[in-house]
Structure formats: C-alpha cells, structure tokens
Amino acid sequence: MRIYTDKSDEQLISLYVDGTNEAFDELLERHKDRLYMYIFHSVKNEELADDIFQDTFVKAITTIKQGRYVDSGHFLAWITRIAHNLIIDYYRMVRNENLQSTDDTDVNILNRKEFSDVTVEDNLIVSQIHSDVRRLVRALPDNQREVLVMRYYKNMSFKEIADTTGVSINTALGRMRYAILNLRRMAEEHNIALAM
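Criteria and thresholds
Residues numbered from 1 in each chain as written. Predicted model: local features only at pLDDT ≥ 70, side-chain atom pairs only at ≥ 80, totals over all residues. Heavy atoms only, no water. Helix = DSSP H or I, 4+ residues; strand = E, 2+ residues; numbered from the N terminus. Buried < 20%, exposed > 50% of the residue type's maximum accessible area, 1.4 Å probe, protein only. Areas by Shrake-Rupley, 256 points an atom, 1.4 Å probe, with all protein chains shown as cover. Salt bridge = Lys/Arg side-chain N within 4 Å of Asp/Glu carboxyl O. Patch = residues over 30% accessible without salt bridge, like charges linked within 9 Å, V, L, I, M, F, W, Y side chains within 5 Å. Lys, Arg positive; Asp, Glu negative; His and termini not counted. Charge placed at Lys NZ, Arg CZ, Asp CG, Glu CD. Arc of directions from axis to C-beta. Contact = heavy atoms within 4.5 Å. Axes fitted to C-alpha atoms, helices over the stretch in contact; angles between N-to-C directions. Left-handed = near helix turned anticlockwise from the far one by under 90°. Nonpolar A, V, L, I, M, F, W, Y, C, P; charged D, E, K, R; others polar. Parallel < 35°, antiparallel > 145°, perpendicular 65-115°, else oblique.

Of the regular secondary structure elements, the chain holds eight helices and zero strands. Sequence-ordered secondary structure for the chain, helices as α and strands as β, is α-α-α-α-α-α-α-α. Across the 196 residues of the chain, 34% fall into the buried class. Total accessible area on the chain is roughly 12,800 Å²; 50% of this is exposed by carbon and sulfur atoms.

Put into structure tokens, the structure is as follows:
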C-alpha cells in the first residue's frame, strides 16, 4: 500500500532526508517509468539502460543524503539530468577505450574516428550540448546575453557590438567575459557538460 501518494516530490525528499526510506520508494515508483524510458530511448540497449537507471538512483540518493539536493520543485528534471550525464559519461568512456595509439604499426592511422561517419551517440551528445547551451544563454542577464549572441551567433566584432549597443569596446569585452564566466558557473552548478 502506497501511503505517500498525496505528498509532493519535495515533501517526499524532506521525509527521506529525515529518515523515512518509504518516501524515496514513492519517488522511485512515481518517476521510474518515465526515467527508464528516457534512458532506454537514449541508449537503445536494455542491459545498459538498466545499469544507468540504477546508477542514476544511486547518485540521486547519495546527493540527497549529502545535503546537496537543491529544492527546486523539479525533481524529475533533476534526476533526468543525472541520467543524461551518466549516458554522456558512458559514451565518452566507450569512445576513449576505442582510441588506438599511432605507435602501433598494426594500426592503419587513416582508420580514425574523425574520418568516419558521425554516430547516433555523437548526434545525441551534440544535440543535448546545443540544447543545454541555449538554455544557459537564456538564463544570462540581458546585457551579457546580447553581447554573447552578437559575437558568437552573429559573428560581430567587438567594435561592431560596442557601436550597436552604445557602449565602449571595454564594456562589451567585460560583458562577454562575465557571460562566459556565468555560463561556466551555471554549467558546473547544474553538472552540465558543454563539450564532447
């Protein structure tokens, strides 16, 4: 019998932190299907999906027990992000294991990943990185976002940016610097990988 079904995710997390293990069982029951389907559709392998699903909840439990979970009202999004990062970590590990040394004379140095077709996993990772970057850029203060968009997306020089925005070149450079620092900080805080 599920006795915590009327509680919000955040209430269940508070109960779990206070020692009520059944509260986490309810969280698991509530979100397991959607989370598993996200993982399975990403990796297309049942055994791998099972492993990543378990690792996701282990990491979630550890984070919550260490008091590092931030009550944002978006538990499913938070735990999905953990799963997503574990998927990316897995594919990075596989990619790194498949690298060959060019010192090995039995290896054709032209048989390299950069000469091959892009894989489905690479497309998934790149697509997610682009989505994450867009979301982080939208979270920047307006003046920083404006300079960053002009520089990287419109390929404008800092002089052109300064003229367009009516500020000095040094101010435009400063805004760009703070935009990049803020992007890095937000990426670290949310455990978002911005590169393959």
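Throughout the structure, instances matching the rule amount to eight salt bridges. In this structure, Asp132 and Arg81 form a salt bridge, with 2.9 Å as the shortest nitrogen-oxygen distance. Of this pair, Asp132 sits in helix α5 (residues 120-138) while Arg81 sits in helix α4 (residues 75-97), placing them 51 residues apart in sequence. Linking Glu189 and Arg185 is a salt bridge whose minimum nitrogen-to-oxygen distance equals 3.1 Å. One end of the pair, Glu189, and the other, Arg185, are both in helix α8 (residues 169-189), four residues apart, so they sit about a helical turn from each other. Note on Glu189: relative accessible area 52%, which makes it exposed. Owing to a relative accessible area of 38%, Arg185 belongs among the partly exposed residues under this scheme. Salt bridges sharing partners connect three or more residues here, namely Asp9, Glu26 and Arg30.

Another aspect to go through is a negative patch on the surface. A cluster of acidic side chains, namely Glu46, Glu47, Asp50, Asp51 and Asp55, defines a negative patch on the protein surface. With relative accessibility at 54%, the residue Glu46 sits in the exposed group.

Turning our eyes to something else, we now look at helix α1 (residues 9-17). Listed as buried for α1 are Asp9, Glu10, Leu12, Ile13 and Tyr16. One side of α1 carries all its buried residues, which in axial view fall inside an arc of 160°. Close packing links the buried residues of α1 with α2 (21-43), α3 (46-65) and α4. Among the residues trailing α1, Gly19 stands out with phi positive, at a value near 110°.

Attention shifts here to the packing of α2 against α4. Their axes nearest at 10 Å, the elements α2 and α4 cross at an angle of 35°. Where α2 crosses over α4, the two elements pack in a sense that is right-handed. Residues Leu27, His31, Arg34, Leu35, Tyr38, Ile39, Ser42 and Val43 of α2 form the contact with α4, whose participating residues are Phe75, Leu76, Ile79, Thr80, Ala83, His84, Ile87 and Tyr91. Of the residues contributing to the contact of α2 with α4, the split by class is 11 nonpolar, four polar and one charged.

Moving on, we come to the packing of helix α7 (residues 158-165) against α8. Contact geometry for α7 and α8: axes closest at 8 Å, N-to-C directions at 105°. Relative to α8, the element α7 lies roughly perpendicular. Residues Phe158, Lys159, Ile161 and Ala162 of α7 form the contact with α8, whose own contacting residues are Ile169, Ala172, Leu173 and Met176. When grouped by side-chain class, the residues that make up the contact of α7 with α8 number seven nonpolar, no polar and one charged.

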